[in-house]
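A closer look at the structure
Read off the chains here:
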Amino acid sequence: MPVLIPTNRETAAEWRNESTQKPPQRAVYLHECGADAVLKQAYAHTATVWAGDFHNAKQVLAAMKKRVRKPAAKQADVQTAFHNHRMRQAQTSRVLNMLAVEIGAGFALDLPRAPDVRGALADVYGEPNNEPFLLPLNQLLGFIGAHEWHKKGVFVPELDAAVHVPFGVFSPLRGEYLGLIARAPLPEPCESAFDIGTGSGVIAALLAARGIPSITATDTNPRAAACARANIGRLGFGGRVQVEETDLFPQGRADLIVCNPPWLPAKPTSAVETALYDPGHAMLKGFLNGVRERLNPNGEAWLVMSDLAEHLHLREPDFLRQCFQAASLTVAGVLQTAPAHRKAADADDPLAFARSRETTCLYRLKAVL
Ligand SMILES: C[S@@+](CC[C@H](N)C(=O)[O-])C[C@H]1O[C@@H](n2cnc3c(N)ncnc32)[C@H](O)[C@@H]1O
């Protein structure tokens, strides 16, 4: 159901937002104004719909970002630092999203010096209809950036090819964990595999490239399932990889079952974040508790997991081992890699200390007999 909000024009307008934030109470169309005026309206739950020059709108948004981003205070403990960091991110995003633009029929953005945004919006929403809607400028800029990445693709050295990932699907940009999938010894025999939570389809593609003849990949996110199908087809693995929009496991059993679940136990604030945050470890536990009965004899389950949650004190150090034991799984081997991401060295990132210690592991799990 579209969300309609009153405006200072004759009709109400549809408000679109990819975050789970409450919509504004009203929207006011303004030709142009300064960052302070937009912020003042934002704190009164009123969105400003920019009707002037597009580049000036971007400058006002940049000025708003400077005003609302406060430096993180030193926290007594890491868990508090993490929760405060997430809360600050949510508050900042809510305020910034109060500067919006109107998208017209056919996804047209009819403002002076505006770029052509039709391709970027079609990537997110599919076919346009003729109804105009309001969209936060910050999100539109995110969609434009994601569209450029989608076209360009992310090169995966292990595939010697790129995967193309649209907005809303987990991108293997930090792809160190793919090296683990490429080099872990396959169980014998290995005629079939499942890739649970396939995202872009990159792990399923890697398994196909390693010669596994029959692979089923699943994801609950329809955008991910469509993206995985497209990548699998583009890479020429369509005959060997099936993609299903399914919660966790497909029907049947397999010799190898791989899962790279979201790594942090926290509540997502948008559909995009469901690939990063797994509230209460629901997917992790669902995978571990269900995988044993889906493995063929001598089969293996591979779990890819970073220990960032342990460094942030969101999980006890022994948590995973306890989960393996409860699911009657034993560890046959562990492969490790250290993620090389820029944020670990970013002095402004309050979580840098944890990121700099992070290790990503591939756990090879077998059923306890
Ligand atoms: C961290 S991403 C990993 C994506 C991909 N496998 C990779 O390694 O690049 C986790 C994925 O799991 C999916 N997911 C979350 N809960 C799920 C569930 N219950 N069943 C299937 N997929 C799920 C998300 O939509 C997301 O695409």
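- Labelled according to an unreviewed UniProt entry, the protein chain appears under the name Methyltransferase, originating from Neisseria dentiae.

1. A short note on the overall build of the protein chain
- Within the protein chain, the regular secondary structure consists of twelve helices and 15 strands.
- Taken over C-alpha atoms, the radius of gyration comes to 23 Å for the protein chain, in line with the 21 Å a tight globule of 369 residues would show.
- Expressed along its principal axes, the backbone C-alpha trace of the protein chain runs to roughly 70 × 50 × 35 Å.
- A buried classification covers 50% of the 369 residues belonging to the protein chain.
- Here the protein chain has roughly 17,700 Å² of accessible surface; of this, 51% comes from carbon and sulfur atoms.

2. Overview of the packing of helix α6 (residues 176-183) against helix α7 (residues 202-209)
- Between α6 and α7, the least distance of the axes is 10 Å, while the angle of their chain directions is 30°. The pairing of α6 with α7 is recorded here as roughly parallel in orientation. The two elements α6 and α7 cross, and the hand of that crossing is right-handed. Between α6 and α7, the residues in contact are Y177, L178, I181 and A182 and V202, I203, L206 and L207, respectively.
- Per-class residue counts for the contact of α6 with α7 are eight nonpolar, no polar and no charged.

3. So, the environment of H55
- Along the chain, the position of H55 falls in helix α2 (residues 54-68).
- Placed 248 residues apart in sequence, H55 and L303 show a C-alpha to C-alpha distance of 46 Å.

4. Considering the sheet that holds strand β10 (residues 214-218)
- If you trace the seven strands from one edge of the open sheet to the other, you get β11-β10-β9-β12-β13-β15-β14, paired in mixed fashion. What marks the edges here is a single partner per strand, and that holds for β11 (241-244) and β14 (329-337). Strand-to-strand, the axes of this sheet are offset by a mean angle of 20°, without reference to chain direction.
- Across eight bridges, the pairing between β14 and strand β15 (residues 360-367) is antiparallel. Considered in β15, the bridge of G333 is made with R364.
- Sitting on the sheet, α7 touches β9 (192-196), β10, β11, β12 (254-259) and β13 (295-306), and the angle it makes with β10 is about 175°.
- Across the face of the sheet, helix α11 (residues 319-326) comes into contact with β13, β14 and β15 while running at roughly 145° to β14.

5. As for the site of the ligand
- Not every one of the 17 residues close to the ligand is listed here, only the nearest: Y177, G197, D219, D247 and N260.
- Here T198 contributes a backbone N or O atom positioned 3.4 Å from a nitrogen atom of the ligand.
- The separation between an oxygen atom of the ligand and a polar side-chain atom of N260 is 2.8 Å.
- Taking 600 Å² as the accessible area of the ligand by itself, protein coverage stands at 93%.
- Looking at side-chain class alone, the shell around the ligand contains eight nonpolar, seven polar and two charged residues.

6. Quick word on the domain arrangement of the protein chain
- Segmentation of the protein chain into domains returns domain 1 (3-149) and domain 2 (153-367).
- On a C-alpha basis, the centres of domain 1 and domain 2 stand 32 Å from each other.
- A buried area of about 1,800 Å², summed over both sides, lies between domain 1 and domain 2, and 63% of it is on carbon and sulfur atoms.
- Run the count over domain 1 and domain 2 and you get two salt bridges.
- E273 is paired through a salt bridge with R86; the nearest N and O atoms lie 3.3 Å apart.
- There are eight residue pairs in polar contact (both at pLDDT 80 or more) connecting domain 1 and domain 2.
- Secondary-structure elements contributing two or more residues to the side of domain 1 that touches domain 2 are α3 (78-96), α4 (118-125) and α5 (137-152).
- Ranked by residue count, the leading element in the side of domain 1 that touches domain 2 is α3, at eight residues.

7. Focus on the side chain of E18
- Within the fold, E18 resides in the loop between β2 (13-15) and β3 (26-30).
- For E18, a relative accessible area of 17% puts it in the buried group.
- Polar contacts involving the side chain of E18 include one to the side chain of R223, which spans 3.3 Å.

8. Looking at the packing of α4 against α5
- The interhelical angle for the contact between α4 and α5, taken along N-to-C directions, is 90°, at an axis separation of 9 Å. As judged from the angle between their axes, α4 and α5 are roughly perpendicular. Each of G119, A120, L121, D123, V124 and Y125 in α4 lies in contact with α5, whose residues at this interface are L140, F143, I144, H147 and H150.
- Considering only residue class, the contact of α4 with α5 consists of seven nonpolar, three polar and one charged.

Each value, and the rule that gives it
Residues numbered from 1 in each chain as written. Predicted model: local features only at pLDDT ≥ 70, side-chain atom pairs only at ≥ 80, totals over all residues. Heavy atoms only, no water. Helix = DSSP H or I, 4+ residues; strand = E, 2+ residues; numbered from the N terminus. Rg over C-alpha atoms; globule rule 2.2 N^0.38 Å. Buried < 20%, exposed > 50% of the residue type's maximum accessible area, 1.4 Å probe, protein only. Areas by Shrake-Rupley, 256 points an atom, 1.4 Å probe, with all protein chains shown as cover. Axes fitted to C-alpha atoms, helices over the stretch in contact; angles between N-to-C directions. Parallel < 35°, antiparallel > 145°, perpendicular 65-115°, else oblique. Left-handed = near helix turned anticlockwise from the far one by under 90°. Contact = heavy atoms within 4.5 Å. Nonpolar A, V, L, I, M, F, W, Y, C, P; charged D, E, K, R; others polar. Pairing = 2+ DSSP bridges. Near = heavy atom within 4 Å. Polar contact = N/O pair within 3.5 Å; in protein donor to acceptor, adjacent residues only side chain to side chain. Domains from an automatic or database assignment. Buried area = accessible area lost by both parts, 1.4 Å probe. Salt bridge = Lys/Arg side-chain N within 4 Å of Asp/Glu carboxyl O.

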